[in-house]
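# Structure assessment
Here is how the chains run, residue by residue.
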Amino acid sequence: MPQRPQIHICLLSLALTSVLVSASARGQAKPSPNQAAPQQTPTQGQPKSLPMGTPAPHSTHYPILLLGFGNQPSWSVRIGLKGPERFDREGYPPIPLEPGEVTQEATPETWSYHAKDSATGAAVAVHLSREACTDATNDTLTTTPPLGGKYSFKISIDHAQIGSLKGCGRIATELFPKINNRPDQDDDDAKKKPPVPVSSVIKFQSPIVVAYVNATQQLAFKRGSIVRTIPGAAGDDLSPSHDGKRLVFAREEGAVRAISEYDYDSNNVKELLRGDIRNPVWSPDDSRVAYLNHQGGKWQLWAFPANDPAKAAVISTDGFESIQGWNDPRTVLALTSNPAALAWIGEDGKPTQTLPLSDLCGTDFVPGPRITVRLHPTNPDLVLVSASFARPPAGVPPVENGQAGGLFFFEFRSRRRAVLTIPNLSATEGEWSRDGFQILFTGTDSSRRKATYRVFWDAIGLQKYVAGTSLVVGL
């Protein structure tokens, strides 16, 4: 009796072996007469040939976080798990991308990622191939050190407005999401709290010198933490010198206007010129001041040496609406009256180039004379424009003569126009910080309360900056 279980197990093993051998024999096809005889079983030490399965299909998407970049000009594009996410160029605000279709090209190691420029709707395509790539770029638009110039991918990006750029790519391990090993309760709590947006600006300098009109309508000149109220009547058209020591401005004295200068160190005001004049603006090297002088029934463009206002002379007798700054020490950027255009006026009084305001503003903004245009401090291809919306977005209060003000970036070469979204505020008088990463502007809420606000150029970090308006930056 104790031996029966072992006998049953042995008989079951023999039966299963017999079934498997029979099934294997039935599964082998009998060779036809024209077929070669099957090969003999390999001898000991020789590998057995294994049957080939169905080839696995190649993915149409490289399933990992990648960073593409190039130089001349310096640029980078981030490819996430869903496709292209952000396009960066040196000297320009980042471009958020909306990932689209991913297609595989002729080879298994080549992909095309389609996307859309979130600000303008322009088509974007990123082409990626897994092959060795050498580039002189230092990968400067990332937070990681350079990798020596040898990379695993070739990459190119085509933007319908900006053009095509070529470069290399790498696996961006520093972009991988952090693994969360915390309890499920913590995960649920995190889902209830929306993530706080983080600006792409990691290094910036707050303005050291600013001038503005304070809450009591007096001129204020701030350097560091010390604010000085300029004695005398209120003024406008503020322009701090680039060294942060002086401020020129216009003020009315009855029926006459004057251009005056305030010296921060001495805390004194002196009058420079008197007449039907306005809109003084320092040159980039602080050697001259351009201004508008009403002569012959129109506002002409004039200038004087900073240390000798008596030598004021006309630059152009054409009609102008306003001076928007200097492109360089010999070229003034101004708005012309007829035709309504943005013009670069040389020392000979002739425009070196012009841009109609209708082309600058497009269909989304009103090309009126009250717009302001500010050149980026380091990139002459980029300007910040303040203008009235043709159709205000939801939430932007129409408080400026029944109109709502907005800010947008404009690139001269590509004609790309991107709105800087400011929620719940009518934005006017936009200004760059001197490092070019921050925007300062006069914001008016739905209750018509005004203040100066600050926001980074990627529309993150909006906060009230000072209780004043018409702020301009010196240093």
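## What about the nonpolar core?
By size, the foremost hydrophobic cluster in this structure holds 21 residues, and its most contacted members are Leu-342, Leu-360, Ile-371 and Phe-412. Those elements giving two or more residues to this core turn out to be strand E23 (331-336), strand E24 (341-345), helix H3 (357-361), strand E27 (372-375), strand E28 (382-389) and strand E29 (405-411). Per element, the largest residue contribution to this core is four residues, and it comes from E28. Filtering out sequence-adjacent residues up to four positions away, Phe-412 remains in contact with Leu-342, Trp-344, Leu-355, Leu-375, Pro-380, Asp-381 and Val-383.

## Remarks on unusual backbone geometry
With an omega dihedral of 0°, the bond running from Gln-72 to Pro-73 counts as a cis peptide bond. Structurally, the position occupied by Pro-73 is in the loop between strand E1 (66-70) and strand E2 (75-79). Between Asn-338 and the following residue, Pro-339, the backbone shows a cis peptide bond with an omega angle of 5°. Note that Pro-339 resides in the loop between E23 and E24. The phi dihedral of Asn-424 falls on the positive side, at around 65°, and the residue is not glycine. Looking at the secondary structure, you find Asn-424 in the loop between strand E30 (417-420) and strand E31 (426-432).

## Remarks on the sheet that holds strand E33 (residues 450-456)
Here four strands make up an open sheet; going across it, the order is E31-E32-E33-E34 and the pairing antiparallel. Looking along the sheet, the strands with just one partner apiece sit at the ends: E31 and strand E34 (463-466). Neighbour-to-neighbour, the strand axes of this sheet turn through a mean angle of 40°, independent of strand direction. Sheet analysis places E33 next to E34, joined by three bridges and oriented antiparallel. By the bridge assignment for E34, Arg-454 is matched with Gln-463.

## Focus on the confidence of the model for the protein
Any region with low pLDDT has predicted coordinates that should not be read closely. Taken over all residues, the pLDDT of the protein has a mean of 85, while the share at 70 or more is 79%. Here residues 1-43 scores under 50 on pLDDT; set against residues more than four positions off or in separate chains, the count is four contacts. In the predicted structure, residues 138-147 sits below a pLDDT of 50 and forms 19 contacts with residues beyond four places in sequence or in another chain.

## Considering the packing of aromatic side chains
For the structure on display, the rule yields 14 aromatic pairs. Measuring from centroid to centroid gives 6.3 Å for Trp-75 and Phe-87, while their planes differ by 75°, and the two rings are edge-to-face. Pair noted here: Trp-75 is in strand E2 and Phe-87 is in strand E3 (residues 84-89), with a separation of twelve residues, a long-range link. Each of the two residues, Trp-75 as well as Phe-87, counts as buried. Consider the rings of Phe-410 and Phe-412, whose centres lie 5.8 Å apart with planes at 70°: the pair is edge-to-face. Look at Phe-412 and you get buried, because its relative accessible area is 11%. The structure contains a cluster of three or more aromatic residues connected by ring pairs, namely Phe-221, Tyr-262 and Tyr-264. Its guanidinium or amino end placed over the ring of Tyr-92, Arg-89 lies 4.0 Å from that ring's centre, counting from NZ or CZ. Over the ring of Phe-456 we find Arg-454; its NZ or CZ atom is 4.5 Å from the centre of that ring.

What counts as what
Residues numbered from 1 in each chain as written. Predicted model: local features only at pLDDT ≥ 70, side-chain atom pairs only at ≥ 80, totals over all residues. Heavy atoms only, no water. Core = buried A, V, L, I, M, F, W, Y, C linked by side-chain atoms within 4.5 Å. Buried < 20%, exposed > 50% of the residue type's maximum accessible area, 1.4 Å probe, protein only. Helix = DSSP H or I, 4+ residues; strand = E, 2+ residues; numbered from the N terminus. Contact = heavy atoms within 4.5 Å. Pairing = 2+ DSSP bridges. Axes fitted to C-alpha atoms, helices over the stretch in contact; angles between N-to-C directions. pLDDT = per-residue confidence, 0-100. Phe/Tyr/Trp six-rings, centres within 6.5 Å; stacked < 30°, edge-to-face > 60°. Lys NZ or Arg CZ within 6 Å of the ring centre and 35° of its normal.

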